[in-house]
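# Coordinates in review
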Amino acid sequence: MDLFKGGLKSCLSQHGFTSSESYDHAVQCYLSNPTEHIRCLHVDGDCGRRRTAFAHALANALGASQVLYHEFGKDKPVPQIIRIQEGEEIIEEPPVEPLDRILTEACAQSEAEQTVLILDQLQHTQFLNHIRLYEFLQSGIWRYSDVQYQANLLNLNIFLISDEPLYHSLQSASFRLWISESNRAVAKVTALELGLDEQNCNWLTALQILFDDLKLTPTVEEYQRLAYDIEQHVHNKQQLKVSLFGWVENINRSLLDSEDLQSSLDNVLQEILLGKEVHEEIEISS
């Protein structure tokens with residue numbers, strides 16, 4: 001995609017979201033489909049904060065000048081302290097709700113700047129707010145009390161995240177994108193992709209067998225970090241386990257320490273040490 005220099009996957013990685021899966025087609029569909037309303041992306045998927053990480057990374061990859069974030073269920077209205085003279089009567093104004101405050105800010109920022117508003121954990125807000133959000137997407141006008149604010153439809157994107165289904169009309173006004181809890185690789189990573197000498201990295205095959213046992217498919221970036229550790233620092237099984245746990249997302253520490261996996265770990269370490277011996281022999285002979 002022309003919008004993302006170096007590719008969307010690279011841009012997302014630079015902003016904290018790594019995945020072997022490509023989201024180019026989904027994001028292209030979301031951004032390019034004609035609309036007269038506010039663009040809204042429903043970041044769906046397995047429960048967990050990967051969806052939140054993706055939303056923030058995509059907002060930054062899009063080059064938004066303003067990235068606003070609100071999580072339902074966390075903020076509570078702050079009571080207003082009003083000092084009055086004895087005997088004076090005053091009509092108490094209710095505090096502004098957090099949702100009204102963040103939507104007001106989003107409208108204001110979108111007047112002149114590209115703005116992304118991320119609304120997280122929608123399952124914790126009342127159903128009425130789903131309806132209000134749908135009406136806002138359609139009209140670009142956010143209303144509360146006796147005031148209203150107009151958003152710039154060309155500058156504002158809304159990202160929604162919820163552990164429960166969205167209100168039907170709200171979903172119909174959104175493009176839904178699935179984020180998996182674990183990375184999914186299309187094919188095994190190769191020595192060439194990692195910048196390694198194919199004749200000196202037999203440990204890569206053994207490592208991929210280990211990941212099959214762990215039911216994981218690490219990203220190229222995770223493989224690259226592991227490759228550096230293996231080439232420079234790993235000399236025993238404990239060091240190998242430390243690097244695996246340190247760099248690979250969603251790795252199960254209990255499974256890594258289990259007896260069932262020790263044989264696979266031993267095979268990886270054996271290939272690593274053999275590779276180091278071959279490398280040392282080449283250096284001595286040359």
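Cut-offs applied
Residues numbered from 1 in each chain as written. Predicted model: local features only at pLDDT ≥ 70, side-chain atom pairs only at ≥ 80, totals over all residues. Heavy atoms only, no water. pLDDT = per-residue confidence, 0-100. Contact = heavy atoms within 4.5 Å. Axes fitted to C-alpha atoms, helices over the stretch in contact; angles between N-to-C directions. Helix = DSSP H or I, 4+ residues; strand = E, 2+ residues; numbered from the N terminus. Parallel < 35°, antiparallel > 145°, perpendicular 65-115°, else oblique. Left-handed = near helix turned anticlockwise from the far one by under 90°. Nonpolar A, V, L, I, M, F, W, Y, C, P; charged D, E, K, R; others polar. Pairing = 2+ DSSP bridges. Phe/Tyr/Trp six-rings, centres within 6.5 Å; stacked < 30°, edge-to-face > 60°. Buried < 20%, exposed > 50% of the residue type's maximum accessible area, 1.4 Å probe, protein only. 1 Å grid on protein atoms, 1.4 Å probe; cavity = no way out; pocket = protein on both sides within 12 Å on 5 of 7 lines; lining within 4 Å. Points joined across faces, edges and corners; volume = space filled by probe spheres on them. Core = buried A, V, L, I, M, F, W, Y, C linked by side-chain atoms within 4.5 Å. Salt bridge = Lys/Arg side-chain N within 4 Å of Asp/Glu carboxyl O.

For the rest of this paragraph, the subject is the confidence of the model for the chain. On average, residues of the chain score 86 in pLDDT, and 85% of them are at 70 or above. With pLDDT under 50 throughout, residues 280–286 is counted as low confidence; its partners more than four residues away or in other chains account for 0 contacts.

Following both chains from N to C, one finds helix α8 (residues 220–232) and helix α9 (residues 237–247) inclined at 155 degrees, their axes separated by 10 Å at the closest point. With respect to α9, the axis of α8 lies roughly antiparallel. Our pair here, α8 against α9, has a crossing hand that is right-handed. On α9, the residues touching Glu222, Arg225, Leu226 and Asp229 of α8 are Ser243, Leu244 and Trp247. Across the contact of α8 with α9, the residue classes tally to 3 nonpolar, 1 polar and 3 charged.

Further remarks concern the pairing of strand β5 (residues 147–150). Sheet analysis places strand β4 (residues 141–144) next to β5, joined by 4 bridges and oriented antiparallel. Its bridge partner lying in β5, Arg143 is registered against Gln148. The turn linking β4 back onto β5 is made up of 2 residues, and Ser145 within it adopts a positive phi angle of 50 degrees.

A full pass over the atoms with the stated rule returns 9 aromatic pairs. Here Tyr134 and Tyr167 contribute two aromatic rings whose centre-to-centre distance is 6.5 Å and whose plane-to-plane angle is 90 degrees, an arrangement assigned as edge-to-face. Of the two residues, Tyr134 is situated in helix α5 (residues 127–139) and Tyr167 in the loop between β6 (156–160) and α6 (168–172); the sequence distance between them amounts to 33 residues. Of the residues examined, Tyr167 reaches a relative accessible area of 23% and is grouped as partly exposed. An aromatic cluster is present here, built from Phe17, Tyr23 and Phe54 joined pairwise through their rings.

In this section: the environment of Leu58. Along the chain, Leu58 turns up in helix α3 (residues 50–61). Separated by 49 residues in sequence, Leu58 and Lys9 place their C-alpha atoms 9.8 Å apart.

In this structure the tally under the stated criterion is 1 cavity of 30 Å³ or more. Every residue lining the largest cavity is listed: Leu8, Lys9, Leu12, Phe17, Thr18, Ser19, Glu21, Ser22, Tyr23 and Asp24. With 3 residues, helix α1 (residues 8–14) is the single largest residue contributor to the lining of the largest cavity. Of the residues contributing to the lining of the largest cavity, the split by class is 4 nonpolar, 3 polar and 3 charged.

By size, the foremost hydrophobic cluster in this structure holds 28 residues, and its most contacted members are Trp203, Leu207, Leu210, Phe211, Leu214 and Leu244. Those elements that provide at least two residues to this core are α7 (203–214), α8, α9 and α11 (262–285).

Attention now moves to the pattern of salt bridges. In total, this model carries 9 salt bridges according to the counting rule given. Taking the shortest distance from any N to any O, the salt bridge between Arg49 and Glu71 comes out at 3.0 Å. Residue Arg49 is found in the loop between β1 (39–45) and α3, and its partner Glu71 is found in strand β2 (residues 66–71); the two are separated by 22 residues along the sequence. Residue Asp100 pairs with Arg132 through a salt bridge whose shortest N-O separation is 2.7 Å. Residue Asp100 is located in helix α4 (residues 98–110), and its partner Arg132 is located in helix α5; the two are separated by 32 residues in the primary sequence. Relative accessible area serves as the criterion here: at 6%, Asp100 is assigned to the buried category. Bridged by salt links that share partners, the residues Arg49, Glu71 and Asp120 form one connected network.

The next thing to look at is the sheet that holds β6. Pairing is parallel in the open sheet, where 5 strands are placed in the order β2-β3-β6-β1-β7. The open sheet has two edge strands with one neighbour each: β2 and β7 (175–179). Here the average twist between neighbouring strands, direction ignored, is 20 degrees. With 5 bridges joining them, strand β3 (residues 115–120) and β6 adopt parallel strand pairing. Bridge pairing in β6 places Val116 opposite Asn157.

Another point: the side chain of Thr115. Within the secondary structure layout, Thr115 lies in strand β3. What makes Thr115 buried here is its relative accessible area of 0%. In contact with Thr115, other than residues within four places in its own chain, are Gln66, Leu68, Ala106, Gln109, Ser110, Asn155, Leu156 and Asn157.

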